[in-house]
Amino acid sequence: MRPRGITAVVAAVAVVLAVAQAPHAEAATTSSVSLSASAAKVTVGSSVSLRAAAPRGRFASTDKVLFQRKVSGTWRGIAYRTLGSDGRTALSVKPALGTGYYRVLKPRTTKFTQAVSTTVKVVSVRITSSVVLTAGSTAVSEGATVDFTIQSPASAYTPGETVQLQTRRPGEAWAISKTLNLTSGGTAAAALTPPLGTSEFRAVKPQTDRYSAATSTPVTVTVSDKPEPVDPVVTVNGTGTSLAVTTSDPVARATFSVNEGEKVALATADIAGMSQPTVSVQDPDGVDIPLATLGNVSMNTRWSFVAPRSGTFTVLLSAAGGGAGSTRLVVTTPLTHAAAVNGAPQALTATPLPGRELRVTFAADNGEYLSSVIGNPVQWNQHAMRLVDVATGEEVEIVERDVQFGMWKIPADSDYRLELEPYAADAMAGDLSVSASRPAVATVNGPTIEASIDRPGDIEAYAVDLTEGQTVTLGVTYDGVDDNAAYLVEIRGAGDAPYGSVMGAQGLNDLKVWETGTYVLLLRGKGLTTPTFRLDISTPLAIAPELNGDPVHVSTVHAGRVVEGTVAADAGDVISLHTANATYGPTNPGRPVFDQVRLVNVASGQGVSPVDGRTDYTTIWQVPLNGEYRLVWSPTSAYTMTFDLSVLRAVPQPLNPNSPTSNVAIDRPGAVEAFTVPVTKGDRLAVAISSSDESRYHLNVSGAAGDAELYMTEREALVAAKTGVVNLVVQGPSSGTGAAPLHLDVTTPARKTAVLDGSPVTMTTGQNAGREMWAEFTAGKDDYVSYALANRVRWSTRQVRLVNASTGQSVWRVGAGERYQADPFETWKIPADGSYRFELEPAAATTMSADLTVSKTRAVPITVDVTTKRVSLARAGAPAVYTFSANAGVALALAQNGTFPGLDTPSGADLVVETPFGSTLLRTQVGPTITYSSMTPESTGTYTLVVRPKDGMTGTMSFRLSAP
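Residues numbered from 1 in each chain as written. Predicted model: local features only at pLDDT ≥ 70, side-chain atom pairs only at ≥ 80, totals over all residues. Heavy atoms only, no water.

1. Some remarks on the overall build of the protein chain
Point 1. Each helix and strand in the protein chain was counted, giving zero helices and 80 strands.
Point 2. Residues classed as buried in the protein chain amount to 47% of the 964 residues present.
Point 3. Split by element, the accessible area of the protein chain, about 44300 Å² in all, is 49% carbon and sulfur. (Helix = DSSP H or I, 4+ residues; strand = E, 2+ residues; numbered from the N terminus. Buried < 20%, exposed > 50% of the residue type's maximum accessible area, 1.4 Å probe, protein only. Areas by Shrake-Rupley, 256 points an atom, 1.4 Å probe, with all protein chains shown as cover.)

Here is the structure:
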């Protein structure tokens, strides 16, 4: 049997070989066999059991028989079956349509002659089918559609079979009207429009290989003349008229009368039985009129148009997608009210007429900013809102709107009409307030404007002169929570062009002025609130920070004001910005909330990316070029802020790899220490930091060896991608200064030379924490090498690599499928003569040492089924290696045990069997208890068995490899 995977099962192995002797030749005994069928006649698709039997003494229990079927006059085999102990066996077949002939053949064996049964005949016939036709209605009016359903009983059809719907007029032959396919439930459906008079319909199911033909009983349908309909009349601005549609009468009609120029709305309400009504309108001459629809909400729809002439109009209503149902059709013209600007609220209502447009008229003056708001809304879901000049009929451009609010700038002294159009068939109602405001004068960096919204929907407007090139911050603050917010609606620029829009509850916006002129700021309460608010208009506050000087006290005074200052720095300088003693509010203590703190080169305008690791209070940059730089603080919210600002500079100090540990102390909040480390492309560099200060120092690495971040006690290994410098920036704890210094070590690997099977070599990081250690040695092709450690002091490695010293290529471990391993009891096979090195990488920022012994051995060939092999593991860490040949699919058994003095673990060695392709076939532990394992090679070739002492142990072991 071909193996399906690797098997390593611990079990006792016993091998028993048995060889059968050839018997003396004897004369074959006459045999016989019979065949019978469970049924002589079946329907297509049914199974028949063919039963074969041989008499006692005419068969052996291992004899097989062949079931045959006659095909085109030739007997052909179907399947073999083995006779049971009673001489019987059976085979299930599904005969094809027609007559099938079967027999069974018992082949000749050394003991019995060939035997053939008599022929058995089985007839397979079609299944009797039937079909039933029903009509949705047998008496309809002319033009009506009749739904027909065809049903075939269960077990009398196959899904997808075709079925015909046939029609016959008196004195005519049957004709096919529709050809359909039966569903999985045995049904088919069709809709036909029968002609005037009497027609017969029937369903015909054609014969198939499996089922017989079937014809339904005819169904007679009588179609009579359609009566002339009388259209109901809908009263304009009345309660409406009920209309119904059916499958036989899918379009309902109604009429109404209006005058030329009237705005007409049609709404459907109380909808039942239909998902969506569809409406069209014809003028008095029967010409379709285009309709405007503002919404199409399920169970509630509205349409509108302007009457092109006076007269009677016709409505055609149907159900979208067909079907039946009913609705109430309401036809309305607008209801007009009068209101006073800044006067008392005007009650508006369309109840009980759904879909009716509401209009309000009032007078307004040029230059005013006018707003409207709906209070106490009823069914005020969504609507179209328009302000129209009554004299000209022109619509005024809307500045801002939502469901209950609208705002416009009045272009001329005139009477105006506010048109409020429902979104759907809603009967809207509410209290309308109309307010107007003229802009008050405001100044940049002037006093804070304090005001309040007196009525829901009122607008406060302010005009301010701005100059091209200015960057202006607009800050809006208010009392209370966001639900009672004041916010900037829009900024109207020079020439009254829209310049900006809603900012939301944060109330902060930066405006870049591109054109000198007067700008208008429009504010209102959120929703229908009446908040008290403050408005600040400011340009950036300029400060003059001194590098490494005393902190600068900053007070923005204006909410949201940007702060700017310039400093001079040289390429490579590290600039840090630190804030302290911060408040914001006006009263809430805390740190300033900055959206961004930027450093920008004044000459080029290019921003400098901050060093990774920004804290809440400190931001750090490394300057790329000599020059002046602008520091920009931008708040996230419209708060006034006070804080003490320090801008500090650190000039990077040169630091050579493997220098004594640098003890870095941060003695001022926000200060940093910077270092530059020279590297050559390909250098392996380790950076390690440690400190007893739990406030956590922070180290950023950038430059020729890539980017990294280190915290507290941590180590990072880097490889220089190019020749240049590595930049190191040390930040203090978030509290500002460290109670204890930070220990910084930057190292390249410490190299030692080792001799295979020689004396131990002391591997140590020396005085530098985290230093990588290399042990170099010479080895030959096919050497198996390993290492052991003794006298370990604080030893903890992240990984151990075996590397070709010339190429830098890592060597794979035996049977592991990996390049790296920290355990000191692994084995590597040398691929070519040359110099190699073990690279031992510390796991943390600590100093450590250990005595390293490097050992080698050569593989010893052995054969399967030899006597027990005894192995002496006398050198600490030195493995024993054996090779043997194995065949694919041939199971092998392994028995082994070992003795290791001083052993305090279940095993003292690791035993691995490696495949010819380097993967692991078996891995097990060696200990004092005899262990049995089995394995099945997947391929033929040379396998390697390696015994590896653990952690420098010595001892002896025995094993025996055999084929069961």
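2. Overview of the confidence of the model for the protein chain
Point 1. In the predicted model, the protein chain carries a mean pLDDT of 85, and 89% of its residues have values of at least 70.
Point 2. When the criterion is pLDDT under 50, residues 1-25 qualifies, and its contacts beyond four places in sequence or with other chains add up to 25 contacts.
Point 3. Here residues 295-299 is modelled with pLDDT under 50, and outside its nearest four sequence neighbours on either side it reaches 15 contacts, counting other chains as well. (pLDDT = per-residue confidence, 0-100. Contact = heavy atoms within 4.5 Å.)

3. A word on unusual backbone geometry
Point 1. Although it is not a glycine, Asn 581 sits at a positive phi angle of roughly 50°.
Point 2. Examined against the element boundaries, Asn 581 turns out to sit in strand β49 (residues 574-585).
Point 3. For Asn 581, a relative accessible area of 59% gives the class exposed.
Point 4. Not every positive phi belongs to a glycine, and Asp 757 is a case in point at roughly 60°.
Point 5. Secondary-structure assignment places Asp 757 in the loop between β64 (750-753) and β65 (761-764).

4. Observations regarding the packing of aromatic side chains
Point 1. Using the criterion set out here, one finds 10 aromatic pairs in the structure.
Point 2. Ring geometry for Phe 256 against Phe 305: centres 6.5 Å apart, planes inclined by 50°, an arrangement best described as tilted. Of this pair, Phe 256 sits in strand β20 (residues 251-258) while Phe 305 sits in strand β25 (residues 300-306); the two residues are 49 residues apart in sequence, bridging distant segments of the chain.
Point 3. Clustering of aromatic rings is evident, with ring pairs tying together Phe 777, Tyr 787, Trp 828 and Phe 838.
Point 4. One cation-aromatic arrangement involves Arg 524 over Phe 405; the distance from NZ or CZ to the ring centre is 3.6 Å.
Point 5. Seen from the ring of Trp 774, Arg 837 lies directly overhead, with NZ or CZ sitting 3.8 Å from the centre. (Phe/Tyr/Trp six-rings, centres within 6.5 Å; stacked < 30°, edge-to-face > 60°. Lys NZ or Arg CZ within 6 Å of the ring centre and 35° of its normal.)

5. So, the sheet that holds strand β63 (residues 742-747)
Point 1. Read across the sheet, four strands follow the order β56-β63-β58-β61 without closing on themselves; strand pairing throughout is antiparallel. Each edge of the open sheet is held by one strand with a lone partner, namely β56 (662-664) and β61 (714-719). Between one strand axis and the next, the sheet turns by 20° as a mean value, whatever way the strands run.
Point 2. Pairing analysis gives three bridges linking β56 to β63, with the strands arranged antiparallel. Within the sheet, the bridge partner assigned to Ser 662 lies in β63 and is Leu 744. (Pairing = 2+ DSSP bridges. Axes fitted to C-alpha atoms, helices over the stretch in contact; angles between N-to-C directions.)

6. Remarks on the pairing of strand β70 (residues 834-842)
Point 1. Within β70, seven of the nine residues are buried, leaving the element largely enclosed by the surrounding structure.
Point 2. Sheet topology note: the strand β66 (residues 773-779)/β70 ladder contains seven bridges and is antiparallel. The residue of β70 that forms the bridge with Ala 775 is Phe 838.

7. Some thoughts on the pairing of strand β18 (residues 219-224)
Point 1. Because side chains alternate across β18, one face comprises the buried residues Val 219, Val 221 and Val 223, and the other comprises Thr 220, Thr 222 and Ser 224, none of which is buried.
Point 2. Pairing geometry for strand β11 (residues 139-141) and β18, over three bridges, is parallel. Following the sheet pairing, Ser 141 is matched in β18 by Ser 224.
Point 3. Sheet topology places strand β16 (residues 197-205) next to β18; five bridges connect them, and they run antiparallel. Following the sheet pairing, Ser 199 is matched in β18 by Val 221.

8. Focus on the pattern of salt bridges
Point 1. Within this structure, the stated rule accounts for 35 salt bridges.
Point 2. For Lys 106, the salt bridge is made with Asp 63, and the minimal N-O distance between the two is 3.1 Å. You can see Lys 106 sitting in strand β7 (residues 98-106) and its partner Asp 63 sitting in the loop between β3 (48-53) and β4 (64-71), a full 43 residues away along the chain. Summarising the burial analysis for this pair, Lys 106 and Asp 63 share the class buried.
Point 3. Across the salt bridge formed by Glu 421 and Arg 386, the nearest N and O atoms sit 2.9 Å from each other. Taken together, the residues Glu 421 in strand β35 (residues 414-422) and Arg 386 in strand β32 (residues 383-389) connect sequence positions 35 residues apart. Here Glu 421 matches Arg 386 in class, with each residue buried. (Salt bridge = Lys/Arg side-chain N within 4 Å of Asp/Glu carboxyl O.)

9. Points about the sheet that holds strand β1 (residues 34-37)
Point 1. Across the sheet, three strands lie side by side as β1-β3-β6; this open sheet has antiparallel pairing. The open sheet is flanked by β1 and β6 (88-93), the only strands paired with a single partner. The sheet shows a mean angle of 20° between the axes of neighbouring strands, taken without regard to direction.
Point 2. With six bridges connecting them, β3 and β6 associate as antiparallel partners. Bridged to Ala 52 within β6 is Thr 89.

10. Some details on the nonpolar core
Considering soluble globular proteins, one finds that nonpolar side chains tend to be buried as a cluster.
Point 1. Grouped together as the largest cluster of nonpolar side chains are 26 residues, with contacts concentrated most on Val 677, Leu 699, Val 701, Val 726, Leu 728 and Leu 744.
Point 2. Among the secondary structure elements, those contributing two or more residues to this core are β57 (672-679), β58 (684-690), β59 (698-703), β60 (708-711), β62 (724-731) and β63.
Point 3. The contact partners of Leu 728, leaving out residues within four places of it in the chain, are Leu 655, Glu 673, Ala 674, Phe 675, Val 677, Leu 699, Asn 700, Val 701, Leu 744 and Val 746. (Core = buried A, V, L, I, M, F, W, Y, C linked by side-chain atoms within 4.5 Å.)

11. Thoughts on the environment of Ser 659
Point 1. Along the polypeptide, Ser 659 turns up in the loop between β55 (653-654) and β56.
Point 2. Expressed as a C-alpha distance, the spacing of Ser 659 and Gln 767, which sit 108 residues apart in the sequence, is 9.3 Å.
Point 3. Residues within four places of Ser 659 in sequence aside, it is in contact with Val 746 and Asn 768.
Point 4. Of the polar contacts made by the side chain of Ser 659, one reaches the backbone oxygen of Asn 656; its length is 2.7 Å. (Polar contact = N/O pair within 3.5 Å; in protein donor to acceptor, adjacent residues only side chain to side chain.)

12. A short note on the side chain of Thr 944
Point 1. For Thr 944, the location among the structural elements is in strand β79 (residues 941-949).
Point 2. Judged by its relative accessible area of 8%, Thr 944 is buried.
Point 3. Those residues in contact with Thr 944, other than ones at most four positions away along the chain, are Tyr 784, Val 881, Tyr 882, Thr 883, Val 912, Val 913 and Glu 914.

13. Thoughts on the side chain of Ser 371
Point 1. Mapped onto the secondary structure, Ser 371 falls in strand β31 (residues 369-378).
Point 2. Taking the relative accessible area as the measure of exposure, Ser 371 reaches 1% and is therefore buried.
Point 3. In contact with Ser 371, other than residues within four places in its own chain, are Phe 405, Gly 406, Met 407, Ser 433, Val 434, Ser 435, Gly 457, Asp 458 and Ile 459.

14. So, the environment of Asp 402
Point 1. Residue placement: Asp 402 occurs in the loop between β33 (398-401) and β34 (405-409).
Point 2. Using a relative accessible area of 31% as the deciding quantity, one classes Asp 402 as partly exposed.
Point 3. Each C-alpha atom of the pair Asp 402 and Val 373 lies 9.5 Å from the other, and the pair is 29 residues apart in sequence.

15. Observations regarding the environment of Thr 516
Point 1. Tracing the sequence through the fold places Thr 516 in the loop between β43 (508-512) and β44 (517-525).
Point 2. Along the chain, Thr 516 and Glu 468 lie 48 residues apart, while their C-alpha atoms are 4.7 Å from each other.
Point 3. A distance of 2.9 Å separates a polar atom in the side chain of Thr 516 from the backbone nitrogen of Glu 468.

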